[in-house]
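Next come the chains, spelled out residue by residue.
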Amino acid sequence: MVLHCCFTGTTLHSLKLAAIPYFSRTLTSRLTPYYPRPLFPLAVRSLSAAAVQTAATSAATSTDEYQVVKPQWKAAIDFKWIRDNKESVAVNIKNRNSNANLEIVLELYEKLLSVQKEVEKLRAERNAVANKMKGKLEPSERQKLIEEGKNLKEELVTLEEDLLKLTDELQQEGQSIPNMTHPDVPLGGEDSSIVRKMVGKPAEFSFAVKDHVQLGKDLDLFDFDAAAEVSGSKFYYLKNEAVILEMGLVNWAVSEAMKRGFTPLTTPEIVRSSVVEKCGFQPRGTNTQVYSIENSDQCLIGTAEIPVGGIHMDSILSESSLPLKYVAFSHCFRTEAGAAGAATRGLYRVHQFSKVEMFILCRPDESDSYHKELIEIEEELFSSLGFHFKTLDMASEDLGAPAYRKFDVEVWMPGLGRYGEISSASNCTDYQSRRLGIRYRPESSSSASPKKGKNAAPTQFVHTLNATACAVPRMIVSLLENFQQEDGSVIIPEPLRPFMGGLQIIKPKHIQN
């Protein structure tokens, strides 16, 4: 299996990187892990056209050039709402520094509506001609109707082809429009982000502090050199107590989330490119963070948010099943295209890492409250470890396309001499669910038995949220640098000790006893 980073010129030692075409296929299998209670209560699969549409085209490409293939899936984007609120949408695109082209979207939408009307008119005329031919007719009159029907059919074929082309073009342009933004989000770049909470104080040391790279070397916890030879730069081996620390962090984070009602999952770490796109990530482009697999429509995940988001793809959930809360462990893979400088040293920015991710699907009126719940969980977890950190309400230009609002947690890292991001929590409203096709059917409060068929309540899109419970490498950075001792040892915070076989301190080998 050869891995490619889509459309970057980056070469990562032994990893061969190249551009590949994008293919889309229908997802035919679902992840259904064992758990003592049903994971997907009363979920009903939707047989929408978007769910069953398959790729019609594939193309070969070299490592030097690529062919852009249009997406073979359709997002349920509300283009009428975009047209009716074009001023607000335009301001939002500007505030988020997005490259979406609203004018092209609106122009294509108007063309689409015009062609749709013409198609409907011709279909009505064709039906009228067909009805006339059912009666008794003179041969000349019948022949005249046959010719008229033939002409109408030819016109319809041409218009329907135009309609299909316009629909694809509108989808492609429309998918670049970012989510709307919470009114309280500060405007501007990352520097405009607002501190919403400050927890603890920086650790004080009576000795010269070391960064995690030096600590890891002294304690024999990492091997970056061997990993660079085996895999390339920004890879690493964990050794000795660092291995136990990673496993302890993962089990601690999953355990804490389960206490708060989250269902544990492990996920596939290879997913279809279409699922990556539906979650709002770009598997192609100059600065993509996604590794794609050569000669396939698959990618390595950059976060468990992607496979967890896809687990209910093309589903209609019952309202009583919501909220669905998951905590997922996975390995993550990111190209880190464009990343450079001292801030990327050691474990801080790497190509492969373990992560525990929380994910919620809920009713639209509940997403704001669950967003607050997610950031509160993160704050509780990091406070319990004794970290000094700040929580930020991230500014508009720092939001990814799916995020309506995003809170980041930055921990003080004394060895690096700065705050470093270790977690984020995002409310994506219905941006992802419109692309993934995840709806729920509201239940009538006025009736004991839910209505079915034509009388059933119309479905609505769920809201999705995600938050990092534990990104292992940066947690290790934070732990080593904040709890280092003058003799070179590192104290393990008390909440982690039960998950590490009772280990309380990592000592240099010369003072193990």
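Residues numbered from 1 in each chain as written. Predicted model: local features only at pLDDT ≥ 70, side-chain atom pairs only at ≥ 80, totals over all residues. Heavy atoms only, no water.

- An unreviewed UniProt entry lists the protein chain under the name serine--tRNA ligase, with Solanum bulbocastanum given as the organism.

### A look at the overall build of the protein chain
Reasoning step 1: Helix and strand content of the protein chain: 13 helices and 20 strands.
Reasoning step 2: Buried residues in the protein chain amount to 49% of all 513 residues.
Reasoning step 3: Counting every atom, the protein chain has about 24,500 Å² of accessible surface; 50% of that belongs to carbon and sulfur. (Helix = DSSP H or I, 4+ residues; strand = E, 2+ residues; numbered from the N terminus. Buried < 20%, exposed > 50% of the residue type's maximum accessible area, 1.4 Å probe, protein only. Areas by Shrake-Rupley, 256 points an atom, 1.4 Å probe, with all protein chains shown as cover.)

### Observations regarding the confidence of the model for the protein chain
Reasoning step 1: Averaged over every residue, the pLDDT of the protein chain is 83; the share at 70 or more is 81%.
Reasoning step 2: Counted against residues more than four places away or in other chains, residues 1-71, with its pLDDT under 50, gives 175 contacts. (pLDDT = per-residue confidence, 0-100. Contact = heavy atoms within 4.5 Å.)

### Observations concerning the packing of aromatic side chains
Reasoning step 1: The tally for this structure, following the rule as stated, stands at six aromatic pairs.
Reasoning step 2: Considering the side-chain rings of Phe-387 and Phe-483, the 6.1 Å spacing of their centres and the 25° angle between planes classify their relative orientation as stacked. Separated by 96 residues along the polypeptide, Phe-387 in the loop between α11 (367-384) and β13 (389-393) and Phe-483 in the loop between α13 (472-482) and β19 (490-491) bring together distant segments of the chain. In this pair, the class of Phe-387 matches that of Phe-483, namely buried.
Reasoning step 3: Look at Trp-412 and Tyr-419: their rings are 5.2 Å apart centre to centre, the planes differ by 70°, and that puts the pair in the edge-to-face class.
Reasoning step 4: Accessibility expressed as a relative area gives 23% for Tyr-419, which makes it partly exposed.
Reasoning step 5: For Arg-418, the ring lying beneath its charged end belongs to Tyr-348, and the centroid distance is 4.5 Å.
Reasoning step 6: The ring centre of Tyr-431 lies 3.7 Å from the NZ or CZ of Arg-435, which sits over that ring. (Phe/Tyr/Trp six-rings, centres within 6.5 Å; stacked < 30°, edge-to-face > 60°. Lys NZ or Arg CZ within 6 Å of the ring centre and 35° of its normal.)

### Comments concerning the nonpolar core
Across soluble globular proteins, you tend to see nonpolar side chains buried next to one another.
Reasoning step 1: Within the largest apolar cluster, 57 residues are counted, with the highest numbers of intra-cluster contacts made by Leu-249, Phe-387, Met-475, Ile-476 and Leu-496.
Reasoning step 2: At the level of elements, α8 (241-259), β11 (324-333), β12 (352-362), α11, β14 (405-413), β15 (418-427), β18 (463-471) and α13 are the ones that each hand at least two residues to this core.
Reasoning step 3: A per-element tally of this core places α8 first, with eight residues.
Reasoning step 4: Apart from the residues lying within four places of it in its own chain, the contact partners of Leu-496 are Leu-245, Gly-248, Leu-249, Trp-252, Leu-385 and Leu-479. (Core = buried A, V, L, I, M, F, W, Y, C linked by side-chain atoms within 4.5 Å.)

### Topic: unusual backbone geometry
Reasoning step 1: With an omega of 0°, the peptide bond running from Leu-322 to Pro-323 counts as cis.
Reasoning step 2: You can see Pro-323 is positioned in the loop between β10 (315-318) and β11.
Reasoning step 3: Here Asp-220, not a glycine, exhibits a phi torsion of approximately 60°, which is positive.
Reasoning step 4: For Asp-220, the location among the structural elements is in the loop between α6 (212-218) and β4 (222-223).
Reasoning step 5: Of note in this structure, Asp-314 is not a glycine but carries a positive phi near 60°.
Reasoning step 6: Position of Asp-314 among the secondary structure elements: in the loop between α10 (305-310) and β10.
Reasoning step 7: Take Asp-314: its relative accessible area is 9%, and that puts it in the buried class.

### What about the sheet that holds β12?
Reasoning step 1: Pairing in this open sheet of eight strands is mixed, and the strands run β3-β13-β14-β15-β18-β12-β11-β6 from one edge to the other. Edge positions in the sheet fall to β3 (194-199) and β6 (263-266), since each of these pairs with one other strand and no more. Ignoring strand direction, the axes of neighbouring strands in this sheet form an average angle of 25°.
Reasoning step 2: Pairing of β14 with β15 involves nine bridges; the strand directions are antiparallel. Bridge pairing in β15 links Val-409 to Ser-423.
Reasoning step 3: Those strands touched by α13 are β12, β14, β15 and β18, and its axis lies near 35° from that of β14. (Pairing = 2+ DSSP bridges. Axes fitted to C-alpha atoms, helices over the stretch in contact; angles between N-to-C directions.)

### Quick notes on the side chain of Thr-429
Reasoning step 1: Position of Thr-429 among the secondary structure elements: in the loop between β15 and α12 (431-436).
Reasoning step 2: Taking the relative accessible area as the measure of exposure, Thr-429 reaches 8% and is therefore buried.
Reasoning step 3: Setting aside its immediate chain neighbours within four residues, Thr-429 contacts Asn-179, Tyr-404, Val-462, His-463 and Thr-464.

### Considerations on the pairing of β12
Reasoning step 1: Of all the eleven residues making up β12, ten are buried; the element is thus mostly covered by neighbouring parts of the structure.
Reasoning step 2: Pairing of β11 with β12 involves ten bridges; the strand directions are antiparallel. Considered in β12, the bridge of Val-327 is made with Met-358.
Reasoning step 3: As paired elements, β12 and β18 share eight bridges and run antiparallel to each other. Within the sheet, the bridge partner assigned to Met-358 lies in β18 and is Ala-467.

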